[in-house]
Amino acid sequence: MEWLEKNLQEKFDLPPKNRSEEALRRWRDAVSVVKNPRRRFRMVADLATRHQNELKRRSTQEKIRVFLYVQQAALNFIDGVKNKEYRLTDDIIKAGFSINPDELASITGKHYMKVLEMHGGVDGISTKIRSSFDHGISASDLDTRQTIYGVNRYVEKPARNFWMFVWDALQDMTLIILMVCALISAVVGLASEGWPKGMYDGLGIILSILLVVMVTAISDYRQSLQFKELDNEKKKIFIHVTRDGCRQKISIFDLVVGDIVHLSIGDQVPADGLYVHGYSLLIDESSLSGESEPVYISEDKPFILAGTKVQDGSAKMLVTAVGMRTEWGRLMSTLSEGGEDETPLQVKLNGVATIIGKIGLLFATLTFVVLMVRFLIEKGLTVGLSQWYSTDALTIVNYFATAVTIIVVAVPEGLPLAVTLSLAFAMKKLMNDKALVRHLSACETMGSAGTICTDKTGTLTTNHMVVDKIWISEVSKSLTSNNSLEDLNSAISPATLSLLLQGIFENTSAEVVKDKDGGQTVLGTPTERAILEFGLKLEGHHDAEDRSCTKVKVEPFNSVKKKMAVLVSLPNGKYRWYTKGASEIIVEMCDMMIDGDGNSVPLSEAHRKSVLGTINSFASDALRTLCLAYKEGDDFSDDTDSPTGGFTLISIFGIKDPVRPGVRDAVKACMSAGIIVRMVTGDNINTAKAIAKECGILTDGGIAIEGLEFRNKSPEEMRDLIPKIQVMARSLPLDKHTLVTNLRGMFKEVVAVTGDGTNDAPALHEADIGLAMGIAGTEVAKESADVIVLDDNFTTIINVARWGRAVYINIQKFVQFQLTVNIVALVINFVSACITGSAPLTAVQLLWVNMIMDTLGALALATEPPNDDMMKRPPVGRGESFITKVMWRNIIGQSLYQLVVLGVLMFGGERLLNLKGADSKSVINTLIFNSFVFCQVFNEINSREMQKINVFRGMFSNWIFIGIIAVTAAFQVVIIEFLGTFASTVPLSWQLWLVSISLGSISLIVGVILKCIPVKSDGIRASPNGYAPLPSGPDNI
């Protein structure tokens, strides 16, 4: 079967992501023998539509860019530009607003600075839309605001209804041909045999087609509903706003004009708005205007557009336009859906379907030719070819219908669609397990992941941080006891305490806000929350210090610099910088420290050594360490960044972030599954090593390395080093990207990467599977990811891998089952046509068999849940054969058994079973059909395990599988006993029913015998799917 795999590798091999258009077109060009392109390619990207969308996007971007950066500059030169007049309607006035919605939208959308000034600036606009910078809007006004100013949604293409899927299913060319044949058969039958007998054959085919169409449409429609639900989940983005004087988290769809939105690094701007207040706000407008350079937003340039992204800084924004009144909304509504990229398995199975389809087409043609030649010879020898009757036409139509039906069965149209079914099922289950799969291919690719590069904070740990220890004034204090804060107060001088508190309260991105219940809540990152909460508690244990200083400049935390800074002006006219960040970096910036008496003294080598010893001591206790320092000055420059030296060290914080329950077991499960877990963190190396050991990541043979050392290695050194790396500390986002690139390039690993920050986006994009954190992750990170881990839990990532493996193995099971049916149906009809001149399986019977192996088979086998055994085998590597030698062994073995059984029944059944009488031929044909169906039913059970003997394990807990087997068996009884007129069958005696079921059940025994036959692969005894080839105990049976 090497030729099949070679063909698949050449034409139907697709990378899991970042595919070129050439690769996407190559496999499309190679696909042929497609019965229903509309259905087969429904879940495949529409390259033509996608190209049109890209042209539209570029055109719109160019128009926006030209207007914002060219026309606007010219307009600002010209005085007295006549503005369009907007009228206030009675509804607007009655609602208490003083500005027209279209005028308000145009101010921000068109960057009309003069019009903004004419309305009194941002303050004036706020007054006219009844909003307050501190209080926000009133929640009771929401409906009124949505009525006047619109809702924050753009027009979307309506969802497809059920009857559209019915229409799609009817587009199958073979079914259309069969319907034509059925109509001809009915007309000829009526002419030759009269009513109603002449209608039976044609009506039977039409009813079978309708049944196939309805079952197919129901299955496809249910899939579409699942994908629609998942798509809605992807669009759920939450933002912070101030309403009724309280900070609230709301969906972007609930946003209204007048809302005060809080923006921070990594956010996607949800609506058009005006800058109110903020620090160092940089906006990336490339998605809207195509400009790569970020735009600095300030009071002089306050316009912020929907769809752009916050690259740096933070700010408050007043919403001025939502939904279809924004440029982003109008752009999104004009783009048609180009579809999602197809998955590697879908492409590979399209290849299998194409190759098998060509073989089926050949067999169908040969079958029809053989039947016609035999018919013409017999007719020529009996009545001659000059005399033709209506029955002859009916015979030829039936022959043609049989040949077409062979194509229906032979072209495994359900193979690529089974991938979609399995992925939809898995994605739905994963959604319930807190994992949102954004891209179809990620789910199946995750099953092949050999490496997971994971963050520490929030993924391996709980992200519930608390300050556990502090070093200040040369004193190290544990804060776990009840009296620890009083002890700390008494141990340090008031001046030092004042510096500490001012440094905590001024240099923080967290904030204390009022919640709906009137209480106070601390919002911010877990680290910032922990320090601010500590400061608030400490402040409560002594007389509150005067916080009368003003922030002048803020430098938000940056994952490259690993620090944040703030400049404040003091009441005495001086300025003071506070900086906080990674311990080693801050200590390196300090040349002074506060001693035990509260005085600033030089940071001598002995002091420096003592400080670094304290940091390492904290880190070895698995504490996250941060340092706080300050520097005073007489003046400052707006253009300069915070100083890089001359600071005075105030304190070291040791922050505790416990390891999540279950992480150690999850890491152990990864190791059993052949998945290497590597921790990549920005923390201190000793903290990282302590956590990694606690999680079971850092083992005796593993290496922990710092990012600086790693990035200075040559490619040759990296080749030797990377396989041993288990922990990378003090890493930059670029280090993570380099590690991922080398793992994929040098070692051909399938790599999964977790990330939460804006700077993680390149690594998430580069990895085979990018996993963004749902709680801590920024919108930029989520947009670059393939899977969003909604609970930020490492155990959830392992669950994605389990389901990924389940999808891959389930599709293998289905392929094994379907190819067996294909081979048997093709060979039995072809051989019978050659020898007897008739096909034992009629068109109606083959349509029923097609439904068993296609829609119902896919539903039964492609939706099997994962089991623990799947995580006890190594992952499937790049380039490995999809149809394994074990699968071929099972396919060929089962096919031979079925062909022998059906062949014996066909050529010696009447004699062996002592069948006599006029209807003996009909009885034996019915028995052949019944035995064939029950062989498939039991082979479906066999296919649940490709290597293990016990195929019943877990079967009775899978109600979908049991239900389909029961429905198949029940409907088979109905066809044989009650629908014989349409299906060309006759009722069977209980003895013949027993024979049919027994012959089918023997395939279970055949399966056991086949699984005891060892298979070799590349000189190594195969253990496909990681199972032992021969049973060696009850757990392996």
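Residues numbered from 1 in each chain as written. Predicted model: local features only at pLDDT ≥ 70, side-chain atom pairs only at ≥ 80, totals over all residues. Heavy atoms only, no water.

Taking an unreviewed UniProt entry as the reference, the chain is identified by name as Calcium-transporting ATPase belonging to Miscanthus lutarioriparius. The UniProt entry for the chain carries the following comment under Catalytic activity (unreviewed entry): "Ca(2+)(in) + ATP + H2O = Ca(2+)(out) + ADP + phosphate + H(+)". For the record of the chain, the UniProt heading Sequence similarities (unreviewed entry) holds the text "Belongs to the cation transport ATPase (P-type) (TC 3.A.3) family. Type IIB subfamily." (UniProt positions renumbered as here; feature names shortened; annotations may be inferred.)

Peer 1: Can you tell me about the overall build of the chain, naming the residues and giving the values?
Peer 2: Helix and strand counts for the chain come out as 37 helices and 28 strands. Along the three orthogonal principal directions, the C-alpha set of the chain runs to about 120 × 75 × 50 Å. By the burial criterion, 55% of the 1037 residues in the chain qualify as buried. Of the contacts made within the chain by residues no fewer than 6 positions apart, 73% connect residues no fewer than 24 positions apart. By element, 57% of the accessible surface of the chain is carried by carbon and sulfur atoms, the whole surface being about 43200 Å². (Helix = DSSP H or I, 4+ residues; strand = E, 2+ residues; numbered from the N terminus. Buried < 20%, exposed > 50% of the residue type's maximum accessible area, 1.4 Å probe, protein only. Contact = heavy atoms within 4.5 Å. Areas by Shrake-Rupley, 256 points an atom, 1.4 Å probe, with all protein chains shown as cover.)

Peer 1: Explain the domain arrangement of the chain to me, and be specific about the residues and the numbers.
Peer 2: What the domain assignment lists for the chain is domain 1 (55–155 + 235–336), domain 2 (435–461 + 660–792) and domain 3 (469–476 + 483–643). Centre-to-centre, using C-alpha coordinates, domain 1 lies 36 Å away from domain 3. With 11 residues of domain 1 at the interface, the matching set in domain 3 holds 10 residues. Interface area, domain 1 with domain 3, both sides summed: about 850 Å², of which 61% is carbon and sulfur. The largest contributions to the domain 1 side of the interface with domain 3 come from Cys246, Arg247 and Tyr279, which together make up 59% of the buried area. Run the count over domain 1 and domain 3 and you get one salt bridge. In this structure, Arg247 engages Glu511 in a salt bridge whose closest nitrogen and oxygen atoms are separated by 2.4 Å. (Domains from an automatic or database assignment. Buried area = accessible area lost by both parts, 1.4 Å probe. Salt bridge = Lys/Arg side-chain N within 4 Å of Asp/Glu carboxyl O.)

Peer 1: If you had to explain the packing of aromatic side chains to someone new, which residues and values would you point to?
Peer 2: Summed over the entire model, instances satisfying the criterion amount to 12 aromatic pairs. Residues Phe162 and Tyr221 carry aromatic rings whose centres are separated by 5.7 Å and whose planes lie at 75 degrees to one another, so their mutual orientation is edge-to-face. Taken together, the residues span a long stretch of sequence, with Phe162 in helix H10 (residues 162–169) and Tyr221 in helix H12 (residues 200–234) at a distance of 59 residues. Judged by its relative accessible area of 17%, Phe162 falls in the buried class. With relative accessibility at 25%, the residue Tyr221 sits in the partly exposed group. With a centroid separation of 6.1 Å and an interplanar angle of 85 degrees, the aromatic rings of Phe934 and Trp993 are classed as edge-to-face. Of this pair, Phe934 sits in helix H34 (residues 920–942) while Trp993 sits in helix H37 (residues 990–1011); the two residues are 59 residues apart in sequence, bridging distant segments of the chain. One aromatic cluster is present, formed by Phe162, Trp163, Phe165 and Tyr221 through successive ring pairs. (Phe/Tyr/Trp six-rings, centres within 6.5 Å; stacked < 30°, edge-to-face > 60°.)

Peer 1: Outline H10, listing residues and values.
Peer 2: By the burial criterion, the buried members of H10 are Phe162, Phe165, Val166, Asp168 and Ala169. Buried residues of H10, viewed axially, fall in a sector of 160 degrees; they line one side. (Arc of directions from axis to C-beta.)

Peer 1: Give a description of the side chain of Asp595 that names residues and reports values.
Peer 2: Residue placement: Asp595 occurs in the loop between strand E17 (590–594) and strand E18 (600–602). Within the structure, Asp595 has its side chain in polar contact with the backbone nitrogen of Asp597 (distance 3.0 Å). Excluding its chain neighbours within four sequence positions, the residues that come into contact with Asp595 are Ser473, Glu474 and Val601. (Polar contact = N/O pair within 3.5 Å; in protein donor to acceptor, adjacent residues only side chain to side chain.)

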